[in-house]
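Descriptive structure summary
Take a look at the letters that make up each chain.
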Amino acid sequence: MRLLFLLSFFVVFTASSQFKYEREYRVSEEKVPELAVTFLREFSFSKKVKWYSEESQDGKTFEAKLYHKSQKYSFEFDEKGKILDVEIKRKLKEIKKEDCFTIQKKLKSLFRKYRLKKLQIQFSGSSESIVKELKKYMETNTYDEVLFELVVSGVKQQNYGTHELLLNTNGDVVKALKVKAFNSDNLEF
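A quick note: this is a predicted structure, and the numbers were derived from the prediction, not measured.

Re the overall build of the chain
If you tally the helices and strands in the chain, you get four helices and 10 strands. Listed N to C, the secondary structure of the chain is α-β-β-α-β-β-β-β-α-β-α-β-β-β in terms of helices and strands. Expressed as a percentage of contacts within the chain between residues at least 6 apart in sequence, the contacts between residues at least 24 apart total 55%. Surface summary for the chain: the accessible area is close to 12,600 Å², and the carbon and sulfur share equals 53%.

Regarding helix α2 (residues 34–41)
Looking at α2, one finds that the buried residues are Ala36, Val37, Phe39 and Leu40. Looking straight down α2, one finds its buried side chains confined to an arc of 160°; they lie on one side. α2 presents Glu34, Leu35 and Arg41 as exposed residues on the side facing more than 90 degrees away from its buried surface. Taken together, the buried residues of α2 touch β3 (50–56), β4 (59–68), β5 (71–77), β6 (83–90) and α4 (127–140).

Concerning the pairing of strand β8 (residues 147–156)
Of all the 10 residues making up β8, nine are buried; the element is thus mostly covered by neighbouring parts of the structure. As defined by bridge partners, β8 adjoins strand β9 (residues 159–168) across 10 bridges and the pair is classed as antiparallel. By the bridge assignment, glycine 154 is partnered in β9 with glycine 161. Adjacent in sequence and paired antiparallel, β8 and β9 are bridged by two residues, among which glutamine 157 carries a positive phi angle near 50°.

Overview of the environment of aspartate 58
Inspection of the secondary structure assignment puts aspartate 58 in the loop between β3 and β4. Under the relative-accessibility criterion, aspartate 58 is labelled exposed at 55%. Along the sequence, aspartate 58 and tyrosine 21 sit 37 residues apart, while their C-alpha atoms lie 9.2 Å from each other.

Concerning the nonpolar core
Grouped together as the largest cluster of nonpolar side chains are 39 residues, with contacts concentrated most on Phe75 and Phe123. In terms of residue count, α4 provides more of this core than any other element does, five residues in total. The residues contacting phenylalanine 75, other than those within four sequence positions of it, are Phe39, Leu40, Phe43, Phe45, Phe62, Glu63, Ala64, Leu66, Ile83, Asp85, Val86 and Leu134.

What to know about a positive patch on the surface
Positive charge collects at one region of the surface, where Lys72, Lys89, Lys91, Lys93 and Lys118 lie side by side. Looking at the element boundaries, lysine 91 is found in the loop between β6 and α3 (97–110).

Focus on the packing of aromatic side chains
One pair of aromatic rings is described through two measures. These are the centre distance and the angle between the planes. This structure, assessed with the given rule, holds 12 aromatic pairs. Note on phenylalanine 111 and tyrosine 114: the rings are 6.4 Å apart at their centroids and 45° apart in plane angle, and the pair reads as tilted. Given the relative accessible area of 4%, phenylalanine 111 is considered buried. Among the aromatic residues, those joined into a cluster by ring pairs are Phe39, Phe43, Phe45, Trp51, Tyr73, Phe75 and Phe77. The ring of tyrosine 143 is capped by lysine 96, whose NZ or CZ atom sits 4.6 Å from the centre of that ring.

Points about the confidence of the model for the chain
Residues with a pLDDT of 70 or more make up 86% of the chain, whose mean pLDDT is 85. Ignoring residues within four places in sequence, the model shows residues 183–189, a span with pLDDT below 50, making zero contacts including any to other chains.

Overview of unusual backbone geometry
You will see that serine 44, though not glycine, has its phi angle at about 50°, which is positive. Relative to the helices and strands, serine 44 is located in the loop between α2 and β3. Looking at serine 44, the relative accessible area reads 61%, which means it is exposed. One non-glycine residue, lysine 69, adopts positive backbone phi at about 50°. Among the structural elements, lysine 69 can be located in the loop between β4 and β5.

What counts and how
Each chain has its residues counted from 1, following the order in which its sequence is written. Per-residue local features of the predicted model are confined to residues with pLDDT of at least 70, and side-chain atom pairs are confined, for both listing and counting, to 80 or more; whole-chain, interface and lining totals are unaffected and use all residues. Side-chain descriptors were evaluated using all non-hydrogen atoms of the structure, hydrogens and water having been removed beforehand. Helical segments are the DSSP runs of H or I of at least four residues, strand segments are the runs of E of at least two, and each set is numbered from the N terminus. Note on contacts: a residue pair qualifies if any of its non-hydrogen atoms lie within 4.5 Å across the two residues. Exposure was quantified through the Shrake-Rupley algorithm and a 1.4 Å probe, taking into account, for residues, occlusion by the shown protein chains and nothing else. Using a 1.4 Å probe on the protein chains alone, a residue whose accessible area is under 20% of its type maximum counts as buried, one over 50% counts as exposed, and one in between counts as partly exposed. Starting at the helix axis, one direction is taken to each C-beta atom, and the arc is that of these directions. Strands qualify as paired when DSSP identifies two bridges or more between them. The nonpolar core is taken to be a set of buried Ala, Val, Leu, Ile, Met, Phe, Trp, Tyr and Cys residues, with the residues joined through side-chain atoms within 4.5 Å. Here the term patch refers to residues with relative accessible area over 30% and no salt bridge, with like charges joined within 9 Å and nonpolar side chains (Val, Leu, Ile, Met, Phe, Trp, Tyr) within 5 Å. We define a salt bridge as a side-chain nitrogen of Lys or Arg found within 4 Å of a carboxyl oxygen belonging to Asp or Glu. Under the counting rule used here, the positive set is Lys and Arg, the negative set is Asp and Glu, and His together with the chain ends is not counted. Here the site of a charge means atom NZ of a Lys, CZ of an Arg, CG of an Asp or CD of a Glu. Only Phe, Tyr and Trp rings take part, Trp by its six-membered ring, and two of them pair if their centres are within 6.5 Å. Stacked means planes under 30 degrees apart, edge-to-face means over 60, and tilted covers everything else. The criterion for a charge sitting over a ring is simple: Lys NZ or Arg CZ within 6 Å of the ring centre, and within 35 degrees of the ring normal. A score between 0 and 100, pLDDT records how confident the predictor is in each residue.

Right, here's the structure in full:
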């Protein structure tokens, strides 16, 4: 009986790992690892930074959100304050034409019908490579090595759903998760 319970728990846990879920809440800078705060100070942003703690299928992280030159930036750090990635919200028409074409081609191959709800360019890798690529982007508004994080509502076969996709510049899917909606007694804004 115990083996059956463990086996069913493993199957449920494995199946649910393909879903995206997250809980995000605001925290003060004092609750954020010093390494993350120090990393962000390197950029001397003039706008106020809002800090969040996030719990998701990948674990707990800290996120700094801010606006810089009319663009929304999101810096994600692990629990110790090491930078994981930086995302910048963009519109499809604001990225390179060849990347736009690659993304549209991939989405048409994955979905019968779709609507792109959100697009972010993502800088990831070592902290040195993130800093280098991000500073270049901030100065020139161009990028070399990025990933594209997409939130897409679409129809696959006969099933409608919202999906989060991470694509590289070749259009390869690096990560794909189905966004799981949670019922909540709380009002969400």
